[in-house]
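These are the residues of each chain, in order.
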Amino acid sequence: MQSCDVVIVGAGLAGLQLSRLLAERELHVLLIDRKPALTHAVHTTGIFVRRTLEDFPLPDNCLGPPVRDVTLYSPGRRQLELHSNHDEFRIGRMGSLYEEFLDRAIRAGVEWRPATQFAECDLSGRQVRIGLDHQGVRRLVDARYLVGADGANSRVAAAVGLDHNREWIVGLEDVLENVPLNGPPRFHCFLDPKLAPGYLAWVVHDGEQVHVGVGGYPARFDPVEALKQFHASLQGIFDLSKAEVVERRGGRIPVGGVLRRIANSHGLLLGDAAGAVSPLTAGGLDPCMRLSKYAADVIVEFLKTEKPEALSDYSGDLFRARFVSRLWMRRILKDIQSPQLMEAGCALMRLPLLKSFAHHVFFGRGSFPDISGHERSAEEPCKDDPAATTA
Ligand SMILES: Cc1cc2nc3c(=O)[nH]c(=O)nc-3n(C[C@H](O)[C@H](O)[C@H](O)COP(=O)(O)OP(=O)(O)OC[C@H]3O[C@@H](n4cnc5c(N)ncnc54)[C@H](O)[C@@H]3O)c2cc1C
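Residues numbered from 1 in each chain as written. Predicted model: local features only at pLDDT ≥ 70, side-chain atom pairs only at ≥ 80, totals over all residues. Heavy atoms only, no water.

**Focus: the site of the ligand**
Stage number 1. D33, H43, T44, I47 and D272 are the nearest of the 31 residues found near the ligand.
Stage number 2. Between the ligand and L13 there is a distance of 3.2 Å, counted from an oxygen atom to a backbone nitrogen or oxygen.
Stage number 3. Isolated, the ligand exposes 1,000 Å² of accessible area, and the fraction of that covered by the protein chains is 93%.
Stage number 4. Ranked by residues supplied to the shell around the ligand, first place goes to strand β8 (residues 116-122) with three residues. (Near = heavy atom within 4 Å. Polar contact = N/O pair within 3.5 Å; in protein donor to acceptor, adjacent residues only side chain to side chain. Areas by Shrake-Rupley, 256 points an atom, 1.4 Å probe, with all protein chains shown as cover. Helix = DSSP H or I, 4+ residues; strand = E, 2+ residues; numbered from the N terminus.)

The structure is reproduced here in structure tokens:
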């Protein structure tokens, strides 16, 4: 039977990043994913925010051109323009980015097994005995520690007795080609409780790629139908006459905030599996990067000391305390069900105070909240870091 220090289930951004960080610290890491290749079934738009781009060395050739402009649309399509003097967003070319991250991980010593599914685990022994299925054959692996980086609907969470996500929105988008760009690269956000109940619909065009999507609470809309209607409603705003859909992406986005119990002496949760997504913006890529660094420190310490106290700081309760305002704003967004009310809210956003709030939500140097002592947990500390605001 194979044995290793850490088994990581899921090679999304969180699992890829953590696997490399642990391998660089001399641990024997086995990384598995049920996908045969990481370019398959990408489910994210891939928008990285400024603070992530500043704090982590993401490969430039896997990122699109910077975006500095946002247009916010009311249900009646009244527009509010927001502009930043900084490069605020870049869309990751996620298939290439995952492959690049995997390559870095393998070079650091990570053992990689694609097309391998986590099935179950036995926690009764000194080590965690993990059942992995590959092409219909079950293999057992003993590990000192198990990590669930297996997304919003984590199987590892249940298997090791940790919390699991209960609230999510669903996002669905098309990636288009052949849409002319008028003006600078732009993120268009449509607030419309019918097309995107509890969240927003979006068109993000960086001059190379165009993503057209809708997101919302699954009980309140049919994402496929909403995306169709959204496409149709864009005719007057974008020239879609030659547009070609080259990819469809979609999935669940947990928005209930970081889960409370995300680590114990058998394993821990990371990324979407831990609910580490901004409840307001539904951005989960920055948390993947930031929380991975923190998880690596905690795992290394735990395996060295074998003391459960080493895990006590990796607690959702500590992170949740920093999420309070965003959880409140999520409740408000969720509860606005009438287009008229949303229209009125959008009209108010023209007032200077609320416009600066909107500016803050889109352009504030927000990121996953770091807890004290880990405030600068990125790989390359950034030079100018005024009291960071979070959105
Ligand atoms: C439509 C959409 C658009 C989004 N856009 C953005 C955005 O623009 N910016 C942003 O910041 N966030 C965005 N998000 C959220 C963001 O994509 C996620 O928070 C982030 O990708 C989570 O990464 P992860 O590594 O935790 O999980 P995932 O990327 O979900 O990776 C989990 C991996 O685990 C594997 N897996 C699952 N179960 C098993 C199993 N039993 N055995 C083996 N492998 C398994 C899966 O195959 C998958 O590869 C978006 C989400 C959606 C759905």
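From this point on, the discussion continues.
**A few points about the packing of aromatic side chains**
Stage number 1. For the coordinates displayed, the defined rule picks out 10 aromatic pairs.
Stage number 2. Measuring from ring centre to ring centre gives 5.5 Å for Y145 and F302, while their planes differ by 55°; the resulting arrangement is tilted. Of this pair, Y145 sits in strand β10 (residues 137-148) while F302 sits in helix α6 (residues 285-305); the two residues are 157 residues apart in sequence, bridging distant segments of the chain.
Stage number 3. Judged by its relative accessible area of 0%, Y145 is buried.
Stage number 4. Residue classification places F302 among the buried residues on the basis of a relative accessible area of 8%.
Stage number 5. In textbook terms, an aromatic cluster arises when at least three aromatic residues are bridged by ring pairs, as seen for F89, F187, F362 and F363. (Phe/Tyr/Trp six-rings, centres within 6.5 Å; stacked < 30°, edge-to-face > 60°. Buried < 20%, exposed > 50% of the residue type's maximum accessible area, 1.4 Å probe, protein only.)

**Quick notes on the pattern of salt bridges**
Where charged atoms from two side chains of opposite charge come close, those side chains can pair.
Stage number 1. Overall, the coordinates contain 32 salt bridges when judged by the stated rule.
Stage number 2. Note that D133 is salt-bridged to R138, the shortest N-O span being 2.6 Å.
Stage number 3. Overall, D133 belongs to the partly exposed group, its relative accessible area being 23%.
Stage number 4. Look at the salt bridges and you will find they share partners, linking D5, R126, R144 and E306 into a network. (Salt bridge = Lys/Arg side-chain N within 4 Å of Asp/Glu carboxyl O.)

**Quick word on the environment of R51**
Stage number 1. For R51, the position within the fold is in helix α2 (residues 50-55).
Stage number 2. The exposure class assigned to R51 is buried, which follows from its relative accessible area of 2%.
Stage number 3. On a C-alpha basis, the gap between R51 and Y314 in space is 22 Å, while along the polypeptide they are 263 residues apart.

**What about the packing of helix α1 (residues 13-23) against helix α3 (residues 94-108)?**
Stage number 1. Interaxial distance between α1 and α3 falls to 8 Å at its minimum, and their mutual angle equals 20°. As far as their axial angle goes, α3 and α1 are roughly parallel. Classified by chirality, the crossing of α3 by α1 is left-handed. Where α1 abuts α3, its residues L13, L16, Q17, S19, R20 and A23 lie against L97, Y98, F101, L102, R104, A105 and A108. (Axes fitted to C-alpha atoms, helices over the stretch in contact; angles between N-to-C directions. Parallel < 35°, antiparallel > 145°, perpendicular 65-115°, else oblique. Left-handed = near helix turned anticlockwise from the far one by under 90°. Contact = heavy atoms within 4.5 Å.)

**Some details on the layout of surface pockets**
Stage number 1. A volume near 260 Å³ is recorded for the second largest pocket.
Stage number 2. If you go around the second largest pocket, the residues you meet are G125, R126, Q127, V128, R144, S265, H266, F302, L303, E306 and P308.
Stage number 3. Looking at side-chain class alone, the lining of the second largest pocket contains four nonpolar, four polar and three charged residues. (1 Å grid on protein atoms, 1.4 Å probe; cavity = no way out; pocket = protein on both sides within 12 Å on 5 of 7 lines; lining within 4 Å. Points joined across faces, edges and corners; volume = space filled by probe spheres on them. Nonpolar A, V, L, I, M, F, W, Y, C, P; charged D, E, K, R; others polar.)

**Points about the nonpolar core**
Stage number 1. Within the largest apolar cluster, 75 residues are counted, with the highest numbers of intra-cluster contacts made by L22 and L146.
Stage number 2. No other element matches the 12 residues that α6 contributes to this core.
Stage number 3. Non-local contacts of L22, meaning those with residues more than four positions away in its chain, are made with V6, I8, L27, V29, A296, I299 and V300.
Stage number 4. Counting residues in each nonpolar core, the second largest holds 30 residues, with L82, Y199, A282 and L333 among its members. (Core = buried A, V, L, I, M, F, W, Y, C linked by side-chain atoms within 4.5 Å.)

**Quick notes on the sheet that holds strand β14 (residues 210-216)**
Stage number 1. A sheet is described by the order of its strands in space; here seven strands give the open sequence β5-β4-β12-β13-β14-β11-β15, paired in mixed fashion. Edge positions in the open sheet fall to β5 (79-83) and β15 (244-254), since each of these has one partner strand only. In this sheet, adjacent strand axes meet at a mean angle of 15° when their direction is disregarded.
Stage number 2. Pairing analysis gives five bridges linking strand β13 (residues 201-205) to β14, with the strands arranged antiparallel. Across the sheet, the residue bridging to W202 is G213, located in β14. (Pairing = 2+ DSSP bridges.)

Interpretation note: all reported values are geometric properties and have no functional meaning in isolation.
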